[in-house]
Amino acid sequence: MVSKLEELYQEFSKSLAELNDQAEILNLKAAFLGKKGKVSEVLKSLKDATPEERKEIGPKANEIKDNILKNVNDKLAKIEVDQINAKLEKNKIDTSVFEDDYVNDFRHGGLHPRTLIQQEIEDVFLSMGFEVLDGPHIETEFYNFEALNIPADHPARDMQDTFWFTHPQSEEENKHLLRTHTSTIQVRGMLERKPPFRFIAPGTVFRCERTDASHEMVFNQLEGMMVGEDISIGHLIYFMKTLLKEIFKKDVTVRLRPGFFPFVEPGFELDISCLICNGKGCSVCKHTGWVELLPCGMVHPNVLKAGNIDPEKYNGFAFGLGLDRLVMMKYGIDDIRHLNSGDLRFNEQFNKY
Ligand code: DAH
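Here we summarise the structure given alongside this text. The structure displayed is predicted, hence computed values, not measured ones.

### Some details on unusual backbone geometry
Cis geometry marks the peptide bond from Pro195 to Pro196; its omega dihedral reads 0°. Mapped onto the secondary structure, Pro196 falls in the loop between α7 (184-192) and β4 (197-206). In this structure, the amide linkage connecting Glu265 to the following residue, Pro266, adopts the cis form with an omega of -5°. Relative to the elements of secondary structure, Pro266 occurs in strand β7 (residues 264-273). Even without being a glycine, Asn278 presents a positive backbone phi close to 55°. Note on placement: Asn278 falls in the loop between β7 and β8 (290-299). Residue classification places Asn278 among the exposed positions, given a relative accessible area of 58%.

### A few points about the packing of aromatic side chains
Two aromatic rings, taken as a pair, are described by how far apart their centres are and by the angle between their planes. The final tally for this structure, using the stated rule, is 13 aromatic pairs. Through pairs of rings, three or more aromatic residues link up here, namely Phe125, Phe130, Tyr238, Phe239, Phe317 and Phe319. Above the plane of the ring of Trp164 lies Lys175, whose end atom (NZ or CZ) is 5.9 Å from the centre. The ring of Tyr143 has Arg188 lying over it, and the distance from NZ or CZ to the ring centre is 3.9 Å.

### Here's the deal with the sheet that holds strand β9 (residues 315-322)
Strand order in this open sheet of seven strands is β1-β4-β5-β9-β8-β7-β6, and the pairing throughout is mixed. Every other strand in the sheet has two partners, leaving β1 (131-132) and β6 (254-258) as the edge strands with one partner each. Bridging between β7 and β8 involves eight bridges; their strand directions are antiparallel. Each bridged residue has a counterpart across the sheet, and for Leu270 the counterpart in β8 is Leu294. Each of β4, β5 (218-228) and β9 is contacted by α7, which is oriented at about 145° to β4, the strand it contacts most. Together, β5, β7, β8 and β9 form the strand contacts of helix α10 (residues 323-331), whose direction differs from that of β9 by roughly 60°.

Conventions and cut-offs
- Residues numbered from 1 in each chain as written.
- Predicted model: local features only at pLDDT ≥ 70, side-chain atom pairs only at ≥ 80, totals over all residues.
- Heavy atoms only, no water.
- Helix = DSSP H or I, 4+ residues; strand = E, 2+ residues; numbered from the N terminus.
- Buried < 20%, exposed > 50% of the residue type's maximum accessible area, 1.4 Å probe, protein only.
- Phe/Tyr/Trp six-rings, centres within 6.5 Å; stacked < 30°, edge-to-face > 60°.
- Lys NZ or Arg CZ within 6 Å of the ring centre and 35° of its normal.
- Pairing = 2+ DSSP bridges.
- Contact = heavy atoms within 4.5 Å.
- Axes fitted to C-alpha atoms, helices over the stretch in contact; angles between N-to-C directions.

Written as structure tokens, this is what we have:
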């Protein structure tokens, strides 16, 4: 019977060597080791053997069973490895290809000029101890108007054409809107901290306006606020001048005019001489030679109160920089609509590789 087992093992080995298909190999295994398999059939006849014969046959049968199993598993594993290698070979990535010339035709991703300037401004203000805050695009009337000293019947509400989520004449309290300015973050910032503090807050704002070379419905501002004891207009002017010097890397002609904004008193318009036409007059500066860039002022006591700050003890300044205008001035872009155009040829000009 031992020789019978050895013969079976030879037969198995020969067959296995010829197979390369996983299913066929499993069938072969079953044909030998399965319940009705050849090895099992031989073992069934063990019951008729003498005890001596059993002693000899038992271990031999186990050895052959083990060998068959091992060979089957080895072969299956090898097939799997071969399959993986074949796949890898087929999908091979040749990294050396990036040295080839044709790669120069690929487009590189890059930062939008507004992002570049925003990051530059954030760095300047961070170095002067300011925090950088964020706020929601969808706001309530409270944050966009009321807390900023613009009550419901105030004519200043008409200064900013608002996208309302609910009808403006509806009775509903605290109606929702798309924020018309980043000044909303002044209120959120004040309510979340105790003076003294200073922060800036860049963000997108929305107005239901006609678009032209210098107006967009969706544009960007950068708000700033500093509150403490004995803050003066001198502080305001110092920070604004530092900002402009860092951004333009040269002295820019500025002028300060009185400006009306309900949330500041006194309020100013800081204009810079138009850098597109060098003050000669063009469509961006509406042929005046000046561009309104930085409305600002000393925070109105009512606004401090709305932010839970005692106006008897503290005061401060605020500003609302027109970020897109600044980008236009810095890079000499003559139409604000380029900024949201999504045209890659436009964006690519500002990134150096
Ligand atoms: N929120 C104003 C606007 O969008 C701009 C502004 C004016 C912001 C004066 C300020 C400020 O912080 O002090 O028209």
